[in-house]
Amino acid sequence: MTLTARASTRLVLTHARMATMAGGGAPYGLVEDGAVAIEDGRIVWAGPSDALDPALAGNARTVDCRGRLLTPGLIDCHTHLVHGGDRAAEFEMRLTGVPYEEIARRGGGIVSTVKATREAAEETLFRTGLRRLDALIAEGVTTVEIKSGYGLDTASELKMLRVARRLGHARPVTVSTSFLGAHALPPEYGDARADYVALVADEMIPAVAREGLADAVDGFCEGIAFSVDEMDRVFAAARAHGLPVKLHAEQLSDLGGAALAARHGAMSADHLEYLDAAGVAAMAEAGTAAVLLPGAFYYLRETRLPPVAELREAGVPIAVATDLNPGTSPVHSLLAAMNMACVLFRLTPEEALKGVTGNAARALRLADRGAIARGMHADLCLWDVETPAALAYPLGFNPLAAVLKDGAVVRGELAP
């Protein structure tokens, strides 16, 4: 995990319409006329402007936000943005009626991206990944998760993770990395599933842990990917090497992947269109976050909705992410994902914003961001809108005015 752009001077923002996302009585944790004081990259005070201690403003740069909206920096907690090639041809195939599972069986899908990623030089992956990352940063993303999973051999998986780490040093953004070796069965293994699972568990995970390249281990539990028993072995290896786990689960069918993830204390289970009541209960008990990925739902033209009402009732934290990937969700906009989560999955705008701030932070087990509150990283976005709902409402419009990363202005300008 990488951090950049730490400020050492004090900054005070006043007269912002502040969506703290910190809980409390008002929706969005809204403070109508709010102020925040920042020092050494952290928030030292947040509250109503008229309650700001004058001592906090002493020797500080003070900026009047003039009623504009201030939110935590956005967090995209599920992306595959490092990869080679593209799959536009498969997009055409799906539109002619060929289902995703059939494309995968024909050697398309994930396996086609594996070929392109293996062949790509590390510098090429870095350069193309940077363009995709910049698109997210331009909309206020200050923390992003990046997965491997398109190498499917040890050298290529490590290459992808090295690129992801480099991206976090090249831009003012926190990058959390996930090793996704259990993404698909590589073609050279044929039907030798056990051999490949052994490679992931016994060679890849130890190598990733030894080099410190991953913050978590992920997997794809699905009929076209890996079974519950296979993922159980992978997760046992991850935990033996001190790495937390997460899982792509219940996207196309109900295999019980979310319940498996919960048994391993997973950070999150993602997709979840086919999640059943037992899976919801297991996630709630384990504190496993649900990451909804409306971009994949949209591109695959799915019709089965994730059980949002049941997740709400059980108190499972609901995060929202782009799932930015070359095949099933080439979505480069977290604001668009928020809109899709509202329109397609019936989330409220408040739930969508919580899903890309506080709950996204929970999905990554980052307790030091996602809200405007004392002690949090001063990762903040200033928007040229008046209401928080205006972030999820339009499609294709970016009202971002400025971004602060660890208290430093890294995009735009605070003063209008």
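Residues numbered from 1 in each chain as written. Predicted model: local features only at pLDDT ≥ 70, side-chain atom pairs only at ≥ 80, totals over all residues. Heavy atoms only, no water.

The protein appears in an unreviewed UniProt entry as Imidazolonepropionase from Kaustia mangrovi. The annotation that UniProt attaches to the protein under Catalytic activity (unreviewed entry) is "4-imidazolone-5-propanoate + H2O = N-formimidoyl-L-glutamate". Under the UniProt heading Function (unreviewed entry), the entry covering the protein gives this text: "Catalyzes the hydrolytic cleavage of the carbon-nitrogen bond in imidazolone-5-propanoate to yield N-formimidoyl-L-glutamate. It is the third step in the universal histidine degradation pathway." (UniProt positions renumbered as here; feature names shortened; annotations may be inferred.)

(A) Here's a closer look at the overall build of the protein. For the protein, the count of helices and strands is 16 helices and 16 strands. Against the compact-globule benchmark of 22 Å for 416 residues, the protein has a radius of gyration of 21 Å, which places it among compact chains. In terms of overall dimensions, the protein has a C-alpha envelope of 70 × 40 × 40 Å along the principal axes. Burial statistics for the protein: of 416 residues in total, 60% are counted as buried. For the protein, long-range pairs separated by at least 24 residues make up 72% of all intrachain contacts whose partners lie at least 6 apart in sequence. (Helix = DSSP H or I, 4+ residues; strand = E, 2+ residues; numbered from the N terminus. Rg over C-alpha atoms; globule rule 2.2 N^0.38 Å. Buried < 20%, exposed > 50% of the residue type's maximum accessible area, 1.4 Å probe, protein only. Contact = heavy atoms within 4.5 Å.)

(B) Seen up close, the environment of methionine 93. Note on placement: methionine 93 falls in helix 2 (residues 88–95). A relative accessible area of 27% means that methionine 93 is categorised as partly exposed. As for methionine 93 and isoleucine 103, which are separated by 10 residues in sequence, their C-alpha atoms are 8.1 Å apart. In this structure methionine 93 touches Val98, Ile103 and Arg106, once residues within four positions along its chain are discounted.

(C) Structural view of the domain arrangement of the protein. Domain boundaries assigned for the protein yield domain 1 (10–72 + 369–412) and domain 2 (74–364). The gap between the C-alpha centroids of domain 1 and domain 2 is 30 Å. Residue-level contacts link 27 residues of domain 1 with 23 residues of domain 2. Surface buried jointly by domain 1 and domain 2 totals about 2,000 Å² across both partners, of which 67% is contributed by carbon and sulfur atoms. When the buried surface of domain 1 facing domain 2 is broken down by residue, Met21, Arg369 and Ala392 rank first, second and third, together holding 27% of it. At the boundary of domain 1 with domain 2, the tally comes to zero salt bridges. Taken together, domain 1 and domain 2 are joined by 10 residue pairs in polar contact (both at pLDDT 80 or more). Of all the secondary structure elements, the ones that give two or more residues to the side of domain 1 that touches domain 2 are strand 5 (69–72), strand 14 (380–383), helix 16 (389–392), strand 15 (400–405) and strand 16 (408–412). Top element by residues in the side of domain 1 that touches domain 2 is strand 15. It accounts for four residues. (Domains from an automatic or database assignment. Buried area = accessible area lost by both parts, 1.4 Å probe. Salt bridge = Lys/Arg side-chain N within 4 Å of Asp/Glu carboxyl O. Polar contact = N/O pair within 3.5 Å; in protein donor to acceptor, adjacent residues only side chain to side chain.)

(D) Focus on the UniProt feature "binding site: N-formimidoyl-L-glutamate" (unreviewed entry) in the protein. In the numbering used here, UniProt assigns the feature "binding site: N-formimidoyl-L-glutamate" (unreviewed entry) to Tyr150, Asn325 and Gly327. Spatially, the listed residues are clustered: although they cover 178 residues, their C-alpha atoms lie within 11.6 Å of one another. As for its position among the elements, tyrosine 150 is in the loop between strand 7 (141–147) and helix 6 (154–170). Take tyrosine 150: its relative accessible area is 2%, and that puts it in the buried class. Here glycine 327 shows up in the loop between strand 13 (318–320) and helix 13 (334–345).

(E) Region of interest: the packing of aromatic side chains. Throughout the structure, instances matching the rule amount to five aromatic pairs. With 5.3 Å between their ring centres and 70° between their planes, tyrosine 189 and tyrosine 196 make a pair best called edge-to-face. Here the aromatic rings of tyrosine 196 and phenylalanine 226 are separated by 6.2 Å at their centres, their planes lie at 25°, and the arrangement is stacked. Taken as a pair, tyrosine 196 in helix 7 (residues 193–211) and phenylalanine 226 in the loop between strand 9 (216–221) and helix 8 (228–240) lie far apart in primary sequence, 30 residues in all. Here arginine 166 stacks its cationic end above the ring of phenylalanine 126, 3.9 Å away from the centre of that ring. (Phe/Tyr/Trp six-rings, centres within 6.5 Å; stacked < 30°, edge-to-face > 60°. Lys NZ or Arg CZ within 6 Å of the ring centre and 35° of its normal.)

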